[in-house]
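Structural overview
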Amino acid sequence: MQRLTRRIKNFCAITSLVIVVAQLALVLGSWIFSVIFPNMHLRSLLGGEGLRWFFDSIGNNLANKGLVIILLVGMLTGSVRHSRILDVLTKYRSLNYREKFAFTLIAFELVLFIVIMGLFTLTPHAPLLSATGELFPSSFSRGFIPLMSTYLCFVSVTYGLASGRLKTAVDVLDNLTSGIVYILPLLFLYFFVFEFYRSVLFVLRL
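Below, the structure is looked at part by part. (Residues numbered from 1 in each chain as written. Predicted model: local features only at pLDDT ≥ 70, side-chain atom pairs only at ≥ 80, totals over all residues. Heavy atoms only, no water.)

1. Some thoughts on the overall build of the protein
From N to C terminus, the protein includes nine helices and zero strands. Starting at the N terminus and ending at the C terminus, the protein contains elements arranged as α-α-α-α-α-α-α-α-α. Seen along its three principal axes, the alpha-carbon backbone of the protein occupies a region of about 75 × 50 × 25 Å. Looking at the protein as a whole, 34% of its 206 residues are labelled buried. When contacts within the protein are restricted to residue pairs at least 6 apart in sequence, those whose partners lie at least 24 apart make up 70%. With an accessible surface of roughly 13,200 Å², the protein has 72% of that area assigned to carbon and sulfur atoms. In the protein, the 18 positive side-chain charges and the 9 negative ones have mean positions that sit 8 Å from each other. (Helix = DSSP H or I, 4+ residues; strand = E, 2+ residues; numbered from the N terminus. Buried < 20%, exposed > 50% of the residue type's maximum accessible area, 1.4 Å probe, protein only. Contact = heavy atoms within 4.5 Å. Areas by Shrake-Rupley, 256 points an atom, 1.4 Å probe, with all protein chains shown as cover. Lys, Arg positive; Asp, Glu negative; His and termini not counted. Charge placed at Lys NZ, Arg CZ, Asp CG, Glu CD.)

Quick look at the structure:
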């Protein structure tokens, strides 16, 4: 795990550096091309409009669904690893009584979750369908990743509590936050990648 984390950090560091250089090139290039080739109708990131856009939009550019998904996936990764819920798949025969009880409990939660989602998506006039009755795209499909990440975190916490691996509220908090450390390099990279992407769209007037 430490070796994998180190590789992720190296990848994020190198890629972030490349994106920063590309961002600087875009800033300078947008100014040069907008001056030399005005007929291309490109926006300059060094002009008044570009500077106003940058300062007005930097917060909104980052506060989007992608950031939420990265955080939830990080929480899920740490929660699954911390609670050892995957042991039920590889070591079921050697599980003790409390661990088998915990497995039964999360199996019940899975059935309940499927039934509830079925009622919300498969029945006539289901509330999570689109206005035309479609499942893709719909409220369900747009919120699928956050929903599943949150649900699986809940399942991991349930398993941890029922199996005795999590005993206090602090243990639960540690379970849900331990994975954040793994995604910090990805958050760092995300900041540069998404800002560069939005900058390209601004320059090209897309």
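2. Quick look at the packing of helix α3 (residues 65-83) against helix α9 (residues 180-203)
Close contact between α3 and α9 brings their axes to 8 Å; oriented N to C, the two are set at 160 degrees. One way to sum up the angle between α3 and α9 is to call them roughly antiparallel. Our pair here, α3 against α9, has a crossing hand that is right-handed. Two secondary-structure elements touch here, α3 through Gly66, Leu67, Ile70, Leu71, Gly74, Met75 and Arg81 and α9 through Ile180, Tyr182, Ile183, Leu187 and Tyr190. (Axes fitted to C-alpha atoms, helices over the stretch in contact; angles between N-to-C directions. Parallel < 35°, antiparallel > 145°, perpendicular 65-115°, else oblique. Left-handed = near helix turned anticlockwise from the far one by under 90°.)

3. Brief notes about the nonpolar core
Soluble globular proteins: nonpolar side chains tend toward being buried together. Of all hydrophobic cores here, the largest spans 15 residues; its most connected members are Ile85, Ile106, Val155 and Tyr159. Residue assignment for this core shows that the elements contributing at least two residues are α3, α5 (97-121) and α7 (144-163). Tallying contributions element by element places α7 first for this core, with five residues. Apart from residues lying up to four places away in sequence, isoleucine 106 is in contact with Ile85, Val155, Thr158 and Tyr159. In terms of nonpolar packing, the next biggest core, distinct from the first, is built from seven residues, Val27, Leu42, Leu45 and Phe202 among them. (Core = buried A, V, L, I, M, F, W, Y, C linked by side-chain atoms within 4.5 Å.)

4. Looking at the environment of threonine 5
Here threonine 5 lies in helix α1 (residues 2-36). Each C-alpha atom, one on threonine 5 and one on isoleucine 183, is 9.2 Å from the other, the two residues being 178 residues apart in sequence.

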